[in-house]
Each structure stands twice: as C-alpha cells, then as structure tokens.
Amino acid sequence: MPAKISIRDIGKVFEQRGEPFEAIRDITLDIGREEFVCIVGPSGCGKSTLLRILGDLEEASSGDVAIAHDDRKRPLTAMIFQQESVFPWLTVEQNAAYGLKVTNNWNGAESRERVEYFLERTGLLQFRKFRPHQLSGGMKQRLSVARAFITNPEVLLMDEPFASLDEQNKMLLQQELEKLWEEFRSTVVFITHSLDEAVLLGDRVVVMTSVPGRLKEAIDVPFERPRDLIELRRTPEFGEITHRLWEALREEVQRARTMEVGKIAGRSGVDPSVAVGS
Amino acid sequence: MAETTIGRPALAAAARTRAGRTRAWAFGRVLLTLAPPVALLLIWEIGAQTGWINVQFFPAPSTIGVKFWEMIQTVQFWDDIGISLQRMAIGFLMGGVPGLLLGLAMGLFRPVRVIFQPLVAALYPLPKIALLPLIMLIFGLGEMSKYFTVAIGVFFLMTINTMAGVLNVPSIYLDVANNLHASRWKIYTTVALPGALPGIFTGLRICVGVALILLVAAEFVGADSGIGYRIWWSWSVFWVEQMYVGFAVIALLGFLSAYAVDWLERKFLPWQRR
C-alpha cells in the first residue's frame, strides 16, 4: 500500500523584503496511514511552512506532495493552530460545528450528537453557549482540538497546538489528545519544539535541520499504545530517546543560534565571530 | 486551619472595601460626567440673570427651557423633527447600503480595489458641504437634494471603513476556512463578513455624526421644513430662544443616534468588549 502522505523533494522559497528566503529544502518523507509523526526542529527552521504546505495553505516551490484521499466523504485535512483560531463571533457550540457546516457535512441530529460528544470529551459541554472571550486559553485550545476532530479528517495537522499554554494545562491536554486519538485514529503530523511532547505522542519523531529546513534524522518511538503519559515520563526509555533526539538536534540549534547572531550582528556592524564568542 | 480563620474575615473586609471603592468610583464617575455641563449652565444662567452676559445672543438657559416646553406642544416642532429624521434615514440608507457593498467588494476582490481605490481616495476628503450648490443645481429644492447630501457623505465613510474592516480580518481565521476547503462564498459569509463587522460599526459611528452635520447644512440653504431650516429661519427673524432650542434638539439627536449604534453593536457584536 502506498504511503498516506508522500512528500518528494519539496522546497519552499519565500520573497522576503525583495530577497529570496529559502525556508525548506529537499524534504522527502513518507507517512503511513494512522501514523502519528512528530516533527521537531530549531525555531524558524520551516516546520510550520511544511505543515502549511500539507494543509494546502501554501504551495511548495519545488517537488511534490501527495496525500491519498481514501474517503471522499471525510475532509482530507484539518489543522490545529498555535495561535487562537476559534472564531470570536461564534459560540463554543457553533465553533465546534463550524468544520462540518462549512464542508457541507452537516446532517442534523447525528452531527449535533457528534458535536455534543466532543464538547463533552473536551470538558466544554457546559460552556456550549459561551463565546471564546469568556473562555481561558486552555479552553479555547481544547475547542480548536474539538473543532478539528469533529470534522473527522483523514489527516490531522497540528502546529505547536499547546505551545502557548502553561505546563500543567499542556500535560492535561497532551493526555486528552492521546486518548482522543486512540479512539478516532487518523494520520497525524504534529509540529512541536518540545522534545518531551514529541516522544510522548509520536510513533516517529522527525528532526529537521536549521534553516533552510531539511530532514536530519527520524527516530522511531517504540512505546505501546494506549500510553499513560505521566507514567511514560518516568521510564528510562523515555529519557533515552529524548536524549538521542537532543543529540541530533543540538548541533542544529547551535547553528540556528549562530545564524541569528550573525544576522543581528550584521545589521549592527559587529563582527559575528566575535559576537558568538566561538 | 488557623490561617483560614484569620484569612477569611480579612478577605471579606478586603472585598468589602474593594466593592465600596467600585461603588464610590461609579458614583464619582456620574458626578464627574454631570459636573461640567451643569456648571456651565449655572454660570450661564447667573451671567444672564445679572446682565453680565448679553441675553440677546445668549438667552438664559431657563428662558430657553421655557421656550422648549412651549415648542414641544406645537405640531410644527414634531413635524420638523419627523421630516429631518426621515431625510437622515433615507439619505443614510441611500449612501450606506451602496457604501457597504462597495466596501465589501473592494475588501474582498483585489481588482475592484485597484479600480476604485484612487477614485475613493480622491473624492473622500472633498468637503461634501462644498458640493451643496451643485447638488441643488441638479436636484433642485426638493427632498432629493437633502437625501443626496447625506448619502454622499455616508457613502464614502462606509466604503472606506467597510473595506478596512474586511482587510483587517486576522489571516488565521481565513487559514481555518481555507484549510477546510470552504467555498469562496462560505468564506465570505462565515469569515470575512463577521470579521469585518467591527470595522463596519466604526464606520456607522462616524457616519451618524456626519449625516447630522450634512443634513442641517442642507436644510439651512434649501428647505422649508426640518430642524436646520427652523434654526436658520429663527435667525432671520431674530428668534434667538427658538434657535437655541434647535441646537438642543440636534445635540439630543446626535446623542441618541450614537447611543442607537452602541446598542446595535452590543446586540450584533457581543464578543467585542469596549
């Protein structure tokens, strides 16, 4: 069976202040059906660009992306963003139903039940008539998760969905996401800068290089599912894999940092080698 | 445990003083809001009574009040208000609806924006009052000249603010809809339009004031009824008190229409906190 998502040699060049800026280069990756893939990389390495290409919000400058659409009745992708993306003018309930309505998949009672079920699962049912400005940050992010799951997409694309939450909330949401996903399996591409998060949630963790983002390494995560994320954190294997990831990533983070310093130093006329102090 | 027993009354006391402070502030706010106009009227009244102010130009508030009371019992007073409100409403719709539609089109479609933006940008700053002679030349002294004067002022403001409202819709909301492959029509109706509402209401708020200004100006020069006409006529026969009643009515209308926009905004944009 061919891969669910097949990415071939894709690259993306943006125009930035009149100059070309290469965000990602030569990325080739296959993602299997119902595989949970996490992508980590130094900040600004083009992870989000890759995800936006998969979500059809951006077009690759070169190469091919193919996502198999197995069931035409299901939407191909649904994206969960890092920033607040729930609509302020809709109630919790209307936000949750948005994906079904806008894709013409709303079919009355059954859809209503589905919305209710996911609001219940994300602890938002009693707030169904509220509007987002009355909710906390964590609740709003739970609502985005519910909105995406309710559309029943073949591929879930998550762009650092928990990055702006506090640590406690993040841990709860990770566990809730894991449980939801166990129940409603779909292919997942999950972008994060947190190595812990990647290892806790992923079947495979892909490491990207500093900009222009390329693939550096892919590490399989052997933990069984369903996973108890709190217990998993305490196992030596968890520490081992996280460490291996960090080893792969460290060099890239260092490089990204050097480039950043170089850019700022260049602007202010300081010799970059002096500024980095290497 | 000891902590809570000590803590609770202290907390309650703190809450009490905080509530007390909020109440005191609410009261103080009303006082501060009312003080300047009341003080002004008081000084004015005293000045007029003592002959320190020329009552030929500035009749005492009390005499204006009496005049006001007399006038609201006449049919003419209500007719004037009625006809002015009607002109304002019709002019508002005539300018506001096309302005809204053009603004939406300019915000949503780049070609429309490219075609109309220079024109709108050039015509918008033109003082519409300067066009009054031309408008009267074209439409004569009939009602249409009043409608049109109001409409032209409202039109440009609505166009510009609606367009800005559409263009300022945060791109993340469009990303959500685009990712789900929503149709263009669905994107307009479920994202662009509700997202542009705050801008549209800003436009409405400004339009109400401008519509009133233009209406009164148009009634000054080319009407035989309405509040503007009544003020102008009062001047020509030197009925100063009646003139002041006209000012008061306009001020009141301005206040009430601004309030109406606020009310509509709270109703349609409950998520927008001011």
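Residues numbered from 1 in each chain as written. Chains lettered and ligands numbered in written order. Predicted model: local features only at pLDDT ≥ 70, side-chain atom pairs only at ≥ 80, totals over all residues.

Enquirer: Can you lay out the overall build of chain B for me, pointing to particular residues and giving the numbers?
Expert: Along the backbone of chain B there are 10 helices and 0 strands. In summary, chain B has a C-alpha radius of gyration of 25 Å against a globular reference of 19 Å for 274 residues, an excess of more than 25%. Split into buried and exposed, the 274 residues of chain B put 29% on the buried side. Within chain B, counting contacts between residues at least 6 apart in sequence, those at least 24 apart form 73% of the total. (Helix = DSSP H or I, 4+ residues; strand = E, 2+ residues; numbered from the N terminus. Rg over C-alpha atoms; globule rule 2.2 N^0.38 Å. Buried ≥ 20, exposed ≤ 12 C-beta atoms within 10 Å, placed from the backbone. Contact = placed C-beta atoms within 7 Å.)

Enquirer: Which residues make up unusual backbone geometry, and what values go with them?
Expert: Residues and elements named next belong to chain A. With an omega of -5 degrees, the peptide bond running from Val 211 to Pro 212 counts as cis. In this structure, Pro 226 follows Arg 225 across a cis peptide bond, with omega equal to -5 degrees. Mapping Pro 226 onto the fold places it in the loop between β9 (215–220) and α7 (229–233). Phi at Asp 9 is positive, roughly 50 degrees, even though this residue is not glycine. Along the polypeptide, Asp 9 turns up in strand β1 (residues 5–16). Among the residues examined, Asp 9 registers 12 C-beta atoms within 10 Å and is labelled exposed. At Asp 26, a position not held by glycine, the phi torsion is positive, near 50 degrees.

Enquirer: Could you give an account of the nonpolar core, naming the residues involved and the relevant values?
Expert: The tendency in soluble globular proteins is for nonpolar side chains to be buried as a group. Judged by nonpolar contacts, the single largest core of 111 residues is most densely connected at A:Val189 and B:Ala211. Per-element tally for this core: the top contributor is helix α8 (residues 184–222) of chain B, with 13 residues. Residue contacts for A:Val189: discarding those within four places in its chain leaves A:Ile31, A:Val37, A:Ile39, A:Leu51, A:Leu54, A:Val155 and A:Leu157. (Core = buried A, V, L, I, M, F, W, Y, C linked by C-beta atoms within 7 Å.)

Enquirer: A description of the sheet that holds β9(A) should follow, citing residues and the corresponding values.
Expert: Residues and elements named next belong to chain A. Reading across from one edge, β5-β6-β7-β3-β8-β9 is the order of the 6 strands in this open sheet, with mixed pairing throughout. The two strands at the open ends of the sheet, each matched to only one other strand, are β5 (77–80) and β9. On average, each strand axis in the sheet is tilted by 15 degrees relative to the strand beside it, whichever way the strands run. Two elements, strand β8 (residues 204–208) and β9, share 5 bridges in a ladder whose sense is antiparallel. Paired with Val 205 across the two strands is Ile 219, which belongs to β9. Here helix α4 (residues 137–150) sits on the sheet and contacts β5 and β6 (155–159); the angle it forms with β5, its principal contact strand, is near 180 degrees. (Pairing = 2+ DSSP bridges. Axes fitted to C-alpha atoms, helices over the stretch in contact; angles between N-to-C directions.)

Enquirer: Describe the sheet that holds β1(A), naming the residues involved and giving the relevant values.
Expert: What links the strands of a sheet is backbone hydrogen bonding, and the strands pair in either a parallel or an antiparallel sense. Residues and elements named next belong to chain A. One open sheet holds the 3 strands; their spatial order is β2-β1-β4, and the pairing between them is antiparallel. Where the open sheet ends on each side, the last strands, each with one partner, are β2 (19–31) and β4 (62–67). Between one strand and the next, the sheet's axes are offset by a mean angle of 30 degrees, whatever the strand orientation. Pairing of β1 with β2 involves 9 bridges; the strand directions are antiparallel. Its bridge partner lying in β2, Ile 5 is registered against Ile 31.

Enquirer: Tell me what's going on with the packing of α4(A) against helix α5 (residues 167–183) of chain A, and back it up with residues and numbers.
Expert: Residue and element names in this part refer to chain A. Where α4 meets α5, the closest approach of the two axes is 11 Å, and the angle between their N-to-C directions is 15 degrees. The orientation of α4 relative to α5 falls into the category roughly parallel. Crossing of α4 against α5: the hand is right-handed. Along its contact with α4, which presents Gly 138, Gln 141, Arg 142, Val 145 and Phe 149, the element α5 presents Asn 169, Leu 173, Leu 177 and Leu 180. The class makeup of the residues in the contact of α4 with α5 is 5 nonpolar, 3 polar and 1 charged. (Parallel < 35°, antiparallel > 145°, perpendicular 65-115°, else oblique. Left-handed = near helix turned anticlockwise from the far one by under 90°. Nonpolar A, V, L, I, M, F, W, Y, C, P; charged D, E, K, R; others polar.)

Enquirer: Account for the interface of chain A and chain B, naming residues and giving values.
Expert: On the side of chain B, 16 residues touch chain A, which itself brings 19 residues to the contact. Of all elements in the fold, only β5 and α2 (92–102) of chain A reach the threshold of two or more residues within the side of chain A that touches chain B. By residue number, the principal contributor to the side of chain A that touches chain B is β5(A), which donates 3 residues.

Enquirer: Outline the pairing of β1(A), listing residues and values.
Expert: All names here are of chain A. Where β1 folds back on β2, the antiparallel hairpin that results is connected by 2 residues, among which Arg 17 adopts a positive phi of roughly 50 degrees. With 5 bridges joining them, β1 and β4 adopt antiparallel strand pairing. Within the sheet, the bridge partner assigned to Ser 6 lies in β4 and is Ala 66.

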